[in-house]
Amino acid sequence: MRAYYEDLWEGLGDERALPELALRMAFLRGALSPGARVLDLGCGAGEFTAAAAAMGARAVGAEVAEAALAIARREHPGPEFVRIELDAELPFPAASFDLVWASEVIEHVSDTGLWLSEVRRVLAPGGGLRLTTPAHGRLRLAVHGVERYSPPFGDHLHLYTRRSLRE
């Protein structure tokens, strides 16, 4: 899987449009406080890590693809960026972060239970997880079919609804 993400990031070039960027930035902004320790889990090219740092947070970006991290480090030289392994323990001590931000990541995670356990482990008491994922309601799936949102050779491993995320 790691090779898949390396190839994906190497092929993106400058074509990295982030869907719903303004909405997602507002959601992040609403969770931040100055000095908060923030982990941007699945940081990609580092846009949200850099935004959190610019808002006064102590932000760390974590990503599985070194190709993405190279872009992040080049375009956002301030924050720390760390490569992580897929489906493995996060390389941070317990209770390291006040906020874990994971935007458009959970649908790519194969072992959601392990991932959430690691998020919980690195969160400080009272810390929070803010995540976003594409909205795939039942009506959309019925009308357009699952293939539109999760093609057989795509990287979305799960489709979520509001209800499935709550559960």
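Since we're looking at a predicted model, the values are computed, not measured.

S.K.: So what's going on with the packing of helix α1 (residues 2-12) against helix α4 (residues 66-75)? Residues and values would help.
M.R.: Running from N to C, α1 and α4 point in directions that differ by 40°, and their axes come no closer than 7 Å. If you check the angle between α1 and α4, you find them oblique. Every residue of α4 that contacts α1 at Arg 2, Glu 6, Trp 9 and Glu 10 is listed here: Glu 66, Ala 67, Ala 68 and Ile 71. For the contact of α1 with α4, the per-class residue count stands at 4 nonpolar, no polar and 4 charged.

S.K.: Please provide a residue-by-residue account of the packing of helix α2 (residues 21-29) against helix α3 (residues 47-54), values included.
M.R.: Where α2 meets α3, the closest approach of the two axes is 11 Å, and the angle between their N-to-C directions is 45°. As the angle between them shows, α2 and α3 are arranged oblique. α3 is crossed by α2, and the crossing has right-handed handedness. When α2 is examined against α3, the residues Leu 21, Arg 24, Met 25 and Leu 28 are found in contact with a partner set consisting of Glu 47, Phe 48, Ala 51 and Ala 52. Its residues placed into classes, the contact of α2 with α3 shows 6 nonpolar, no polar and 2 charged.

S.K.: Would you mind going over the packing of aromatic side chains in detail, with residue names and values included?
M.R.: As enumerated under the stated definition, the model contains 3 aromatic pairs in all. With a centroid separation of 5.9 Å and an interplanar angle of 55°, the aromatic rings of Phe 27 and Trp 101 are classed as tilted. With Phe 27 in helix α2 and Trp 101 in strand β4 (residues 97-103), this pair connects stretches of sequence that are 74 residues apart. Its relative accessible area of 1% is what places Trp 101 among the buried residues. One aromatic cluster is present, formed by Phe 27, Phe 48 and Trp 101 through successive ring pairs.

S.K.: Pulling in residues and values, what's your account of unusual backbone geometry?
M.R.: Of note, the phi angle at Asp 87 is positive, near 50°, even though the residue is not glycine. Counting through the fold element by element, Asp 87 comes out in the loop between β3 (80-83) and β4. A relative accessible area of 40% means that Asp 87 is categorised as partly exposed.

S.K.: Can you lay out the pattern of salt bridges for me, pointing to particular residues and giving the numbers?
M.R.: A full pass over the atoms with the stated rule returns 5 salt bridges. Note that Glu 118 is salt-bridged to Arg 121, the shortest N-O span being 2.8 Å. Note that Glu 118 and Arg 121 are positioned in helix α5 (residues 112-122) at a spacing of 3 residues, about one turn of the helix.

S.K.: Go over the nonpolar core with me, naming the residues and quoting the values.
M.R.: Within the largest apolar cluster, 26 residues are counted, with the highest numbers of intra-cluster contacts made by Leu 39, Leu 41, Phe 92 and Trp 115. Among the elements of the structure, α1, β1 (37-41), β2 (58-63), α4, β4 and α5 are those that each provide at least two residues to this core. Once you skip the residues sitting within four places of it in the chain, Trp 115 turns out to touch Leu 41, Ala 102, Val 105, Ile 106 and Val 109. Counting residues in each nonpolar core, the second largest holds 12 residues, with Val 38, Ala 51, Ala 52 and Leu 99 among its members.

Cut-offs and rules
- Residues numbered from 1 in each chain as written.
- Predicted model: local features only at pLDDT ≥ 70, side-chain atom pairs only at ≥ 80, totals over all residues.
- Heavy atoms only, no water.
- Axes fitted to C-alpha atoms, helices over the stretch in contact; angles between N-to-C directions.
- Helix = DSSP H or I, 4+ residues; strand = E, 2+ residues; numbered from the N terminus.
- Parallel < 35°, antiparallel > 145°, perpendicular 65-115°, else oblique.
- Contact = heavy atoms within 4.5 Å.
- Nonpolar A, V, L, I, M, F, W, Y, C, P; charged D, E, K, R; others polar.
- Left-handed = near helix turned anticlockwise from the far one by under 90°.
- Phe/Tyr/Trp six-rings, centres within 6.5 Å; stacked < 30°, edge-to-face > 60°.
- Buried < 20%, exposed > 50% of the residue type's maximum accessible area, 1.4 Å probe, protein only.
- Salt bridge = Lys/Arg side-chain N within 4 Å of Asp/Glu carboxyl O.
- Core = buried A, V, L, I, M, F, W, Y, C linked by side-chain atoms within 4.5 Å.

On their own, these measurements won't tell you what the molecule is for.
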